[in-house]
Amino acid sequence: MTQNRPLNMLLLAGYMKGERFMTQAHARGAKVYLLTYKKLLGKPWPREALADVYAQPDGSDLASTVKTVSYLARTLRIDRLVGIVRTSPDHGTAYDIAG
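Residues numbered from 1 in each chain as written. Predicted model: local features only at pLDDT ≥ 70, side-chain atom pairs only at ≥ 80, totals over all residues. Heavy atoms only, no water.

Undergrad: Describe the pattern of salt bridges, naming the residues involved and giving the relevant values.
TA: Summed over the entire model, instances satisfying the criterion amount to two salt bridges. A salt bridge links Arg5 to Asp79; the shortest N-O distance between them is 2.8 Å. One end of the pair, Arg5, is in the segment before β1 (8–13); the other, Asp79, is in the loop between α2 (62–72) and β4 (80–84), with 74 residues separating them in the sequence. You can call Arg5 partly exposed: its relative accessible area is 24%. One salt bridge in this structure joins Arg77 and Asp79, with 3.4 Å as the shortest N-O distance. Exposure remark for Arg77: the relative accessible area of 43% places this residue in the partly exposed category. On the accessibility criterion, Asp79 (0% relative accessible area) is buried. (Salt bridge = Lys/Arg side-chain N within 4 Å of Asp/Glu carboxyl O. Helix = DSSP H or I, 4+ residues; strand = E, 2+ residues; numbered from the N terminus. Buried < 20%, exposed > 50% of the residue type's maximum accessible area, 1.4 Å probe, protein only.)

This is the structure in structure tokens:
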């Protein structure tokens, strides 16, 4: 928890990976948000562990992703930004962006 509120984690997933990470983060009290591609919305994400799911158009480039994250940060206090990478099935890389 961060200052009497749950830790907000935004996970960026371009593949169907990280389900165990999401579930464990939620179980430990974090509010977990997912940003993925539109084509992956129908995948069996652990929805019970996710506060919300956002999608960007398939094939979006890095600049578009940065703009999307920036837009979300206008209303969502993001404490951790986690990239779910293909080479790491259940572990992400967390970056503390809290000021």
